[in-house]
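# Working through the structure, step by step
The primary structure of each chain is shown beneath.
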Amino acid sequence: MLPTLTEFRTFCRSIEGEVLLTQARAKPFSVALVAGSLYFIPVSSGKKRKADQAGISQVIVRLSKTGSQVQAQYKDITFNASYILEIIRQWQVRR
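This section reports on the structure supplied with the text.

What counts and how
- Residues numbered from 1 in each chain as written.
- Predicted model: local features only at pLDDT ≥ 70, side-chain atom pairs only at ≥ 80, totals over all residues.
- Heavy atoms only, no water.
- Helix = DSSP H or I, 4+ residues; strand = E, 2+ residues; numbered from the N terminus.
- Rg over C-alpha atoms; globule rule 2.2 N^0.38 Å.
- Contact = heavy atoms within 4.5 Å.
- Areas by Shrake-Rupley, 256 points an atom, 1.4 Å probe, with all protein chains shown as cover.
- Lys, Arg positive; Asp, Glu negative; His and termini not counted.
- Charge placed at Lys NZ, Arg CZ, Asp CG, Glu CD.
- Expected span 1.5 Å × (residues − 1).
- Buried < 20%, exposed > 50% of the residue type's maximum accessible area, 1.4 Å probe, protein only.
- Arc of directions from axis to C-beta.

The subject of this paragraph is the overall build of the protein. Within the protein one finds three helices and four strands. Starting at the N terminus and ending at the C terminus, the protein contains elements arranged as α-β-β-β-β-α-α. For 95 residues, the compact-globule estimate of 2.2 N^0.38 gives 12 Å, and the C-alpha radius of gyration of the protein, at 12 Å, lies within 12% of that figure. Along the longest, intermediate and shortest principal axes, the C-alpha atoms of the protein span 30 × 25 × 25 Å. Of the contacts made within the protein by residues no fewer than 6 positions apart, 47% connect residues no fewer than 24 positions apart. As displayed, the protein has an accessible area near 5,500 Å², and 52% of this comes from carbon and sulfur atoms. The distance from the centre of the 14 positive side-chain charges to the centre of the 6 negative ones in the protein is 5 Å.

Below is the structure:
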């Protein structure tokens, strides 16, 4: 089962500030919600990357069709796929 965009955002709020690791390269990152916008924050740079809601939705749709957790399968949608995929994985594990 996969989250809806609303469930994804709600879950992000619940894990805000928690350090997660991307699946492929084990790169640490966290998420933050600022003024209603979602950001991914790589620990290495500390710089916020604004998440595109349309991109998140498209990753969820493609994941539902392919089942692929490989970040490269989503590079045409968003540069942030590795973060999105890990958050979805965490959502599935913690449900």
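On we go from here.
What follows covers the side chain of Ser-30. You can see Ser-30 is positioned in strand S2 (residues 28-34). Non-local contacts of Ser-30, meaning those with residues more than four positions away in its chain, are made with Gly-17, Glu-18, Tyr-39, Phe-40 and Ile-41.

Looking now at helix H2 (residues 53-66). Here H2 spans 20 Å end to end across 14 residues, near enough to the 20 Å set by a 1.5 Å rise per residue. Within the span of H2, buried status applies to Gly-55, Ile-56, Val-59, Ile-60 and Leu-63. Here the buried residues of H2 occupy an arc of 140° about the axis, which is enough to place them on one side. With respect to the buried face of H2, the exposed residues turned more than 90 degrees away are Ser-64 and Lys-65. Looking at the packing, one finds that the buried side of H2 touches helix H1 (5-14), strand S3 (37-42) and helix H3 (81-94).

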